[in-house]
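Spelled out, the chains give:
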Amino acid sequence: MYLAAVFLPLLGGLIAGSLSFIPDGGEKERKHKLDRAAQLITCGGMLLAAVAALVTFISVVLGGETGALEIFTWIDSGSMELSWELRADTLSLVMVLMVTVVSSMIHIYSVGYMSHDHSIPRFQSYLSLFTFFMLMLVTSNNLVQMFFGWEGVGLMSYLLIGFWFERPSACAAAIKAFVVNRVGDFGFALGIFATFLMFDTINFDVIFGLAEAQADQTINVFSGEFHALTVICLLLFVGAMGKSAQLGLHTWLPDAMEGPTPVSALIHAATMVTAGVFMVARLSPLFEHSDVALTVVTIVGASTAIFAATIGCVQNDIKRVIAYSTCSQLGYMFFALGVSAYSAGIFHLVTHAFFKALLFLGAGSVIHAMSDEQDMRKMGGLYKLIPVTYVMMWIGSLALAGVWPFAGFFSKDIVLEAAWGAHSAVGQYAFWLGIAAAFLTAFYSWRLLIMTFHGKPRADEVTMAHVHESPKVMLLPLMVLSVGAIFAGLGLYNWFVGAGTVDFWGNAIFVLEGHDALENAHHVPLWVKYLPLVVGLAGIAMAYVFYMFAPGIPAAIASTFKGVHRFLLNKWYFDELYDFLFVKPAFRLGHGLWKGGDGQVIDGVGPDGIAAATRNLARRAAALQSGFLYHYAFAMLLGVAILVTWFLVTGG
Amino acid sequence: MPNLIPALPEIFLAVAAMALLMAGVFLNPQTASRNVSYTSAGVLVVTIAIVGLVTDGTATTFGGAFITDTFAVFVKALILIATAVAVIMSREYLEQNGIFRFEFPVLMVLAALGMMMMVSANDMIALYLGLELQSLSLYVIASFQRESTRSAEAGLKYFVLGALSSGLLLYGISLVYGFSGTTGFDKLAGLFIGGDAPVGVIVGLVFILAGFAFKVSAVPFHMWTPDVYEGAPTPVTAFFAVAPKIAALALMTRTMVGAFGDLGAEWSQVIIFVSIASMILGAFAAINQKNIKRLMAYSSIGHMGYALIGLAVAGAADDAVTRSDGLQGLLVYLAIYMFMNIGTFACILLMRRNNRMVEGIDDLAGLSKTNPAMAFVLAAFMFSMAGIPPLAGFFGKLYIFLAAVEAELFALAIIGVLSSVVAAFYYIRIVKVMYFDDPEEAFDKPISREMKAVLIVTGAVVLLFIVYPLPILSGASLATAALMPG
């Protein structure tokens, strides 16, 4: 069953991928059949995988049959021995179930959304493979298999963001996502090496068992002695920052909106960005032994949460608003991990997966209705025309803003309460920034709702006349996800972070004694409990004031605080900064090395120079062959003479 | 009466050669050539069996002048296989050029006999006998195409220079005899313990090595090779490139290791010199060649350079294990060289348009389209000669270079690797011409059955050596043990 859950997406992806190579001979009928086959195979595969995941989940998590399923030995070299294994514990299974369910909904949705595209089999195949790599990542039982999934996810994100490769902007975004992730992956790889150095193994069980004993070890980095586990954890966290788009390595995420909308949903909800969060949670036995690393995780997470929320408030592209919202929510997850409330982080990850997928697919539905328009300034007045989508977006936004009883309420509250419950300075930092971000989250969510659905239509008449509700194949997944967005919080609360949490997680998550932020979270003052909801409602109210009742205010504010507005609009100038610091110098360096270094020095002296010298020698060598017998005889005698002389001179 | 059993294969072959000559004279002239040709091949194959049967450990006869051991068996097997295949491959060519006479296979058999005697020689006189029998036969078949001036010129050049080299060799032998008082290898081996030898012996050794170097066409005694390879009829070139080279190297090995083993530090200097010179010249001079036979001449010069590294190791290394590694590398190299070269020349023999041989490298253009199977095997041979894994040629070079590194002959190993990089250029250029250039007119078809068989067998050896290298490796190992006890 477990095998089926992980490998059905691979199978479906491979079959659909090979379908895309079958020539359709230009016949519409034939092409249509191929497309349909690819859709059926991938969607069927994903749905079956989701069912298999559910069955496995029940037997492993509820039945307590944890362990690992070994497939075969992968590498056996020296003291390094590792296998392809599927780890079966609560953390893995939660992720597997969430990934397969959300991904299968996205698969089905894509059937409708991509119906006019001309390379459907390729798209469906990528989606399935993306899911497969994510499953490899979350089920791995050692760091290298995780890295395999990690890189596979990176690769598929590259392919999917650049799916419409005819567009230069899509190609640029795909490259950016890949390159920025490479920075993080470099950290991850170094972290794996350091782990192997310290533990002489990269199998999770062994590492986790030894972590306690190695807690006081130091490691030599650039000839300084550092706490080994801190170094390892920080390196691994760099990897997590890349994949999960944390402050500094977040720049690829908004650009990734160049991909088709289902891709955005997949990246933001089910795969890719959650990988970093998952990784830190998975490695909780290591992170627990490094207070420095945990502090860094908390600070980065909290800073990202507020940073992305501020930018989200001024963006006009509907998908980019949601993208920054993801970035911000990932920040929440990280600071939850940072205060050792791993289960709260994962809880928020799961609920977020549902409502973020819902929001993205809803936005996709809007874009679909508006003939591929993504700018909210050109929308408005849509709620009567696409009522189902409208309702869905409301549900998603309510969940995101954390309004009771929607999913986000429970998970965001426990995250913030855990930050408070950490009783530490960084905990406070995270808590207050989190509260501020919660206010902004609610504000930009309703800004989005109001700008998109209310007010006078700002699109031209042709577009407005075209507006239509999406087909059922797109609405159905929305409804399924909305069920998750409404009930996931209430339904899972007890297992994930409530009274049943110890039994539920078992050994999957390790929390050091004394790190009891989660326990404290249940005993915070009442005002801490209500504050997130209050600021959320305040944010909603402010959005109504700004964009519905007094639409002049935003413009007035923007012109009063011109500098701040431009700063936010330009996303804190991160792209410009990186462009100046890394991209431009890299280009200059590359150009210099190419023209000067490679062209003149290496080619000139190396290949070209040696080739010229070789040809010259070859000509001379061939010229020795005169064809005259006496030359040949002379050469022989000369040879003998030289050799004899050599021996006579050197004395034998 | 000396014990004739160890020499039984040679005696059998000698008698068979006479009988074949008689048969050729008295049989129906219409079919004589063909029958003699096939029978010769059969006789050569039977001789392999006899060689295997009569040899049981090491045995000497004729007063110690003739020796047979596992080393001799291994090398003789290679020589006989190469000669038999050369006889088979030559028939079609000779028929088409109207020079198919029964003397040709008989001369090849006699050459093989000479080579076998060289391999079994355990005395300077026996050595010279075998060498001359071989050489005289080769002089004749080099100019077998009498009407062609090129063939006649090739034969003449080979003869004159061969005579010069024989003179050098005899002079060296007489010097050694003069300073040591013996010509027997066994006795010579006991004279120089500790590596002390009179200057006269050293000079004699240099002259002997010069004579041998001529036979293996090592630089600077190689000058005849390109001219003779180009001028001689192609099946003769195919024969020249393989069997005599193996025989001469084996003779060289037995003489140096067997008779002058204690002077290894001296003679290995000569070997190192000619080896480096051969590798470099073989790599560079081939680059500008347009004629594929000439190219193969330089290629074989280069290959002899690599093979000689093995002999240099056997002379220069300090410990016995490395020395025998060198010898084993040499023998493995020779075996692989034989298969690669036979296969390549089989392809060259198939380069015919309208019943005329073509020899230009350009004539191979686009072969992958006109005859993909042939292009594939030829490409495999070329990659193998260039020493590219996983083909057999790579392993030949690998063992040789490993032995050189073990013996700390780093200069040899490095120059060997670098020159094989240069040499890869012209081998791979042939592949490029076959696969990427616009097709020329197709070669004549159909390909005869025996040529197909030769190509399939040699191609299989080159491709599959990596899978099942054991026969060649263990054969070479056994052969080495005979020469280097302990």
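So, a few notes on the structure that sits alongside this text. (Residues numbered from 1 in each chain as written. Chains lettered and ligands numbered in written order. Predicted model: local features only at pLDDT ≥ 70, side-chain atom pairs only at ≥ 80, totals over all residues. Heavy atoms only, no water.)

**Some thoughts on the interface of chain A and chain B**
Inference 1: Facing the 24 residues of chain A at the interface are 34 residues of chain B.
Inference 2: Summed over both partners, the interface of chain A with chain B comes to about 2600 Å²; 79% of that surface belongs to carbon and sulfur atoms.
Inference 3: Linking chain A to chain B there are zero salt bridges.
Inference 4: Put simply, chain A and chain B have five residue pairs in polar contact (both at pLDDT 80 or more) between them.
Inference 5: Breaking the side of chain A that touches chain B down by element, the ones donating at least two residues are helix H27 (607-623) and helix H28 (629-650) of chain A.
Inference 6: Looking at the side of chain A that touches chain B, its residues break down into 17 nonpolar, five polar and two charged. (Contact = heavy atoms within 4.5 Å. Buried area = accessible area lost by both parts, 1.4 Å probe. Salt bridge = Lys/Arg side-chain N within 4 Å of Asp/Glu carboxyl O. Polar contact = N/O pair within 3.5 Å; in protein donor to acceptor, adjacent residues only side chain to side chain. Helix = DSSP H or I, 4+ residues; strand = E, 2+ residues; numbered from the N terminus. Nonpolar A, V, L, I, M, F, W, Y, C, P; charged D, E, K, R; others polar.)

**Points about the pairing of strand E1 (residues 67-77) of chain A**
All names here are of chain A.
Inference 1: Across nine bridges, E1 lies against strand E2 (residues 80-88) in antiparallel orientation. Paired with Glu70 across the two strands is Glu85, which belongs to E2.
Inference 2: Linkage of E1 to E2, two consecutive antiparallel strands, is achieved through a turn of two residues, within which Gly78 is found at a positive phi near 60 degrees. (Pairing = 2+ DSSP bridges.)

**What to know about the packing of aromatic side chains**
Residue and element names in this part refer to chain A.
Inference 1: Throughout the structure, instances matching the rule amount to 56 aromatic pairs over all chains.
Inference 2: Taking the centre distance of 4.9 Å and the plane angle of 70 degrees together, the rings of Phe123 and Phe163 count as edge-to-face. With Phe123 in helix H4 (residues 120-139) and Phe163 in the loop between helix H5 (143-161) and helix H6 (168-199), the pair connects residues that are 40 residues apart, well separated along the chain. Of the two residues, Phe123 and Phe163, both sit in the buried class.
Inference 3: Between Phe237 and Phe334, the ring centres sit 5.5 Å apart and the planes meet at 80 degrees, which makes this aromatic pair edge-to-face. Here Phe334 lies in helix H14 (residues 318-338) and Phe237 lies in helix H8 (residues 228-243), a separation of 97 residues in the sequence.
Inference 4: In this structure an aromatic cluster arises from ring pairing among Phe347, Phe409, Phe410, Tyr493, Trp495, Phe496, Phe504 and Trp505.
Inference 5: Seen from the ring of Phe178, Arg182 lies directly overhead, with NZ or CZ sitting 4.2 Å from the centre.
Inference 6: We note Lys595 situated over the ring of Trp594; from NZ or CZ to the ring centre the distance is 4.2 Å. (Phe/Tyr/Trp six-rings, centres within 6.5 Å; stacked < 30°, edge-to-face > 60°. Buried < 20%, exposed > 50% of the residue type's maximum accessible area, 1.4 Å probe, protein only. Lys NZ or Arg CZ within 6 Å of the ring centre and 35° of its normal.)

**A look at unusual backbone geometry**
Glycine aside, residues mostly have negative phi, and peptide bonds are mostly found in the trans state.
Inference 1: Here Trp404 of chain A and Pro405 of chain A are connected by a cis peptide whose omega angle stands at 0 degrees.
Inference 2: Residue position: Pro405 of chain A is located in the loop between helix H16 (387-401) and helix H17 (407-421).
Inference 3: With an omega dihedral of 5 degrees, the bond running from Val219 of chain B to Pro220 of chain B counts as a cis peptide bond.
Inference 4: When you line up the elements, Pro220 of chain B lands in the loop between helix H8 (199-215) and helix H9 (224-231).
Inference 5: In this model, Ser371 of chain A sits at a positive phi of 55 degrees, which is unusual for a non-glycine residue.
Inference 6: Mapped onto the elements, Ser371 of chain A comes out in the loop between helix H15 (342-369) and H16.

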